[in-house]
Amino acid sequence: MIHRLAGAAIRAVIVAFIVAAPALVLPGVGAEVAQMIALIGLVAAILTFVEYVSVFPSLIEFRAAPPLNRMRAGLLAMLLLMSALVVRDALLPSLPTGAASGVATAIGRLVDFPFSPVRLAVLVLPEGAPREVVILVRAVAGAAYVIAMGGVLVFAIYVRLLGWPIRRQAFNVWTNLPMFDPTTGGDVLYRLKRDAHFNLALGFLLPFLLPAAAKSAAAFGIALPYGAPLALVWTVSIWAFLPASLMMRGIALLRVADLIEEKRRRAYAQSEHLSPA
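A short tour of the structure in this document, coming up. It should be emphasised that the depicted structure is a prediction, and the values quoted were computed from it without experimental measurement. (Residues numbered from 1 in each chain as written. Predicted model: local features only at pLDDT ≥ 70, side-chain atom pairs only at ≥ 80, totals over all residues. Heavy atoms only, no water.)

Here we take up the overall build of the protein. Helix and strand content of the protein: nine helices and zero strands. Counting helices and strands in the order they occur from the N terminus, the protein gives α-α-α-α-α-α-α-α-α. Overall, the protein is about 80 × 50 × 35 Å in size when its C-alpha atoms are taken along their principal axes. Within the protein, the fraction of its 277 residues that count as buried is 40%. Partitioning the intrachain contacts of the protein with sequence separation of at least 6 by distance along the chain shows that 77% fall at a separation of at least 24. Accessible surface computed for the protein: about 15600 Å², of which carbon and sulfur atoms make up 70%. If you average the places of the 23 positive and of the 14 negative side-chain charges in the protein, the two averages end up 6 Å apart. (Helix = DSSP H or I, 4+ residues; strand = E, 2+ residues; numbered from the N terminus. Buried < 20%, exposed > 50% of the residue type's maximum accessible area, 1.4 Å probe, protein only. Contact = heavy atoms within 4.5 Å. Areas by Shrake-Rupley, 256 points an atom, 1.4 Å probe, with all protein chains shown as cover. Lys, Arg positive; Asp, Glu negative; His and termini not counted. Charge placed at Lys NZ, Arg CZ, Asp CG, Glu CD.)

Right, let's talk about a nonpolar patch on the surface for a bit. The grouping of Leu39, Leu42, Val43, Ile46, Leu47 and Val50 at the surface amounts to a nonpolar patch, some 560 Å² of accessible area in total. Assessed through its relative accessible area of 49%, valine 50 is described here as partly exposed. (Patch = residues over 30% accessible without salt bridge, like charges linked within 9 Å, V, L, I, M, F, W, Y side chains within 5 Å. Salt bridge = Lys/Arg side-chain N within 4 Å of Asp/Glu carboxyl O.)

For residues that are not glycine, phi is negative in most cases, and the peptide bond is trans in most cases. Cis peptide bonds are those with omega within 30 degrees of zero, and the linkage from proline 66 to proline 67 qualifies with 10°. In this structure, the amide linkage connecting tryptophan 164 to the following residue, proline 165, adopts the cis form with an omega of 5°. Relative to the helices and strands, proline 165 is located in the loop between α6 (131-162) and α7 (173-176). A positive phi angle, near 55°, is found at phenylalanine 62, a position not held by glycine. Mapped onto the elements, phenylalanine 62 comes out in the loop between α2 (31-53) and α3 (68-91). The class of phenylalanine 62 is buried, set by a relative accessible area of 1%.

So, about the nonpolar core. Counting 64 residues, the largest nonpolar core has Phe62, Phe155, Trp164, Leu192 and Trp239 as its most contacted members. Top element by residues in this core is helix α9 (residues 229-274). It accounts for 16 residues. Leaving out residues up to four positions away in the same chain, leucine 192 has contacts with Leu177, Phe180, Leu253, Val256, Ala257 and Ile260. (Core = buried A, V, L, I, M, F, W, Y, C linked by side-chain atoms within 4.5 Å.)

With that out of the way, let us pick up the pattern of salt bridges. Under the definition given, this model contains seven salt bridges. A salt bridge links arginine 249 to glutamate 61; its shortest N-O distance comes to 2.6 Å. One end of the pair, arginine 249, is in helix α9; the other, glutamate 61, is in the loop between α2 and α3, with 188 residues separating them in the sequence. For the salt bridge of aspartate 187 with arginine 264, the shortest nitrogen-to-oxygen distance reads 2.9 Å. One end of the pair, aspartate 187, is in the loop between α7 and α8 (188-219); the other, arginine 264, is in helix α9, and 77 residues separate them in sequence. Here aspartate 187 falls in the partly exposed class, since its relative accessible area comes to 37%. Under the relative-accessibility criterion, arginine 264 is labelled partly exposed at 28%. One salt-bridge network, in which partners are shared between bridges, spans Asp112, Arg119 and Arg138.

Honestly, it's all geometry; don't read function into it.
As structure tokens, then:
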């Protein structure tokens, strides 16, 4: 019980820090914005604490299958921190932020080619946007997209080479997939693979679809607040993190489906071996 309480409390503090990190890095954050960020961080910390302190799962998937959720949290923290450093360098240059901005600018130029997600993110900017804003958005979007796809690649390698999630302990479907009911909707294996393929496809398409949706919304007068540094950091980070998280979930579901299929094959082989001739 004490171990579970301590673990839940540590996770809650980490989540609150991740939410507050951009506001701590960026200069000139107003008091009202800081209060709102503090409230959001507090709510996120409470939800995390309640989820992890409970014996029975409710919402968070793969709670007992580390390090997927840790990798997700680390990826979001990296996206927010990198984006905040690049934006801070545009407002208040310094040596550390200059290094981050230089790397992000180089990455942005490298991945800014026709029909790339980064090019689409830049095209969301209104016509006549200052050149400095275009360069900044391209740098932030390029670095965020590369970091997000790198996180997906690292998780795929971890699954492939290190045998996640059964390297250390058995995998419990009910504990790790609390929203998945194996008793309804047909064959479990088919449903898992269907959901995995859907998550992978949606994760691949979202970096293209979200800029298109933002451009369509701008036609109706709903423009993204690129002029607000904190809003820019969160918008680009979510744009990169959400597809990566979906793709990681798809990879995880495919792995779970493979484990179930392998277990079925062993059970069938054992039953045939034990059945009388």
